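So the chains spell out like this:
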Amino acid sequence: MNQNEALVKSAIHDAVIRAVTEISADVKGLLKDALARETNETAQSMLRSMVDNLSIAKEGDKAVCQSPGYPTTWLSFGDGNLPECTREAISEAVAEATKKGYLRPSMVDPLTRENSGNNTGKGVPNIEYEYHPGQKYVDFIISFKGCGAELGNAMQIMTTAKLGKNLSGLKRFILETAVNAGGLRAVTPGGKPSPPYGIGIGIGGQMDIAAKLSRKAISTRRWDDVNPDPELAALEAELKDAINGLGLGAAGTGGDTVCLALKMERAHTHTAIAPVAINFHCWVARRAGIRIYDDGRVEKLL
């Protein structure tokens with residue numbers, strides 16, 4: 001192993017461990033803000049327990065959640081600077097984190113349900129590549145997204161008519177999905193997103209593109225950022241407020257905050273369709289990002 005490979009493997013290994021023993025700082029800040037604003041005493045108790053759990057996990061060097069989540073990595077790179085060992089390094093880091101007890105082995109064959117025992121296998125970890133000519137660094141972001149949250153996800157191939165005047169149809173679909181995904185325990189007991197959650201929404205392309213955009217939006221963007229697209233920024237704020245206005249609350253107990261963040265991304269699509277994918281992310285936003293410069297410097301991103 002040359003010096004560059006050793007650097008890459010070490011940096012990725014450290015990022016994977018950080019991703020599963022912490023939640024990113026932006027999400028932690030939003031969680032604390034939600035606690036400070038909360039007026040429902042039961043929801044306050046739930047939020048306080050979540051914040052306390054983060055400190056306990058960090059002090060004990062333990063995973064913040066017993067679920068391993070599904071690992072997806074985004075790699076952004078320039079001309080010839082993506083090390084050949086990167087895919088191997090990611091798989092090894094996930095397997096090592098599982099061996100050390102940070103992750104429960106939960107990745108299985110979709111049909112036989114055979115468990116690999118180390119959270120790797122065909123297509124896992126999933127890696128999304130983005131090439132940017134002239135970029136002098138490699139950006140690495142890994143996200144372990146809980147799969148109970150997947151049960152609340154929704155997809156619809158809309159048309160212009162279904163989008164509705166002033167996007168009324170789109171907004172209705174998103175709000176109905178938020179209600180159906182759960183919050184109030186009497187409506188949806190267990191096996192759904194753990195609120196307060198984040199929501200990623202992908203619009204455009206075809207079905208596969210909208211789904212990828214929805215996952216990327218909530219997994220790679222800071223949850224406290226403002227979308228550079230003014231139209232999407234306004235929609236994000238409007239929909240987040242509307243979902244919180246449903247009164248579902250933390251852990252489904254009722255309260256002021258059920259949605260910590262709502263992030264949208266879009267891509268051009270065919271005139272006949274308007275695909276929309278909605279992707280939930282539990283408050284346990286286990287992700288970490290690093291930037292590896294061509295000269296060997298490593299910088300923390302998330």
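This text follows the structure it describes.
Predicted model only: the values in this text are computed from it and were never measured.

Peer 1: What exactly am I supposed to notice about helix α4 (residues 86-99) here?
Peer 2: Helical periodicity: at 3.6 residues per turn, an α-helix aligns residues three or four positions apart in one direction. The end-to-end C-alpha separation of α4 is 20 Å, in line with the 20 Å expected for 14 residues at 1.5 Å each. Immediately beyond the C-terminal end of α4, within one or two residues, lies Gly 101, with a positive phi of roughly 90 degrees.

Peer 1: Could you clarify how one ought to interpret the sheet that holds strand β3 (residues 137-145) in this entry?
Peer 2: In sheet architecture, strand pairing relies on hydrogen bonds along the backbone and comes in two forms, parallel and antiparallel. Spatial ordering of the open sheet is given by β2-β1-β3-β8-β9, a layout of five strands whose pairing is mixed. Across the chains shown, the open sheet's two edge strands, defined by having one partner strand only, are β2 (126-131) and β9 (298-300). On average, each strand axis in the sheet is tilted by 20 degrees relative to the strand beside it, whichever way the strands run. Strand direction decides the pairing type here: strand β1 (residues 70-77) and β3, joined by seven bridges, are antiparallel. For Ser 76, the partnering residue across the bridge sits in β3 and is Asp 139.

Peer 1: What exactly am I supposed to notice about the packing of aromatic side chains here?
Peer 2: Geometrically, a pair of aromatic rings is defined through the distance of the ring centres and the angle of the planes. This model, assessed by the stated rule, comprises four aromatic pairs. For the pair Phe 77 and Tyr 129, a centre-to-centre distance of 6.4 Å together with 85 degrees between the ring planes defines the contact as edge-to-face. In this pair, Phe 77 is assigned in strand β1 and Tyr 129 in strand β2, connecting sequence segments 52 residues apart. On the basis of relative accessibility, which here comes to 16%, the residue Phe 77 falls in the buried class. Within the aromatic cluster, the residues linked to one another by ring pairs are Phe 77, Tyr 129 and Tyr 131. Sitting above the plane of the Tyr 137 ring, Arg 291 keeps its charged end 3.9 Å from the centroid. Across from the ring centre of Tyr 293, 4.0 Å away, lies the NZ or CZ of Arg 297, which sits over that ring.

Here is what the cut-offs are and how they apply
Residues numbered from 1 in each chain as written. Predicted model: local features only at pLDDT ≥ 70, side-chain atom pairs only at ≥ 80, totals over all residues. Heavy atoms only, no water. Helix = DSSP H or I, 4+ residues; strand = E, 2+ residues; numbered from the N terminus. Expected span 1.5 Å × (residues − 1). Pairing = 2+ DSSP bridges. Axes fitted to C-alpha atoms, helices over the stretch in contact; angles between N-to-C directions. Phe/Tyr/Trp six-rings, centres within 6.5 Å; stacked < 30°, edge-to-face > 60°. Buried < 20%, exposed > 50% of the residue type's maximum accessible area, 1.4 Å probe, protein only. Lys NZ or Arg CZ within 6 Å of the ring centre and 35° of its normal.

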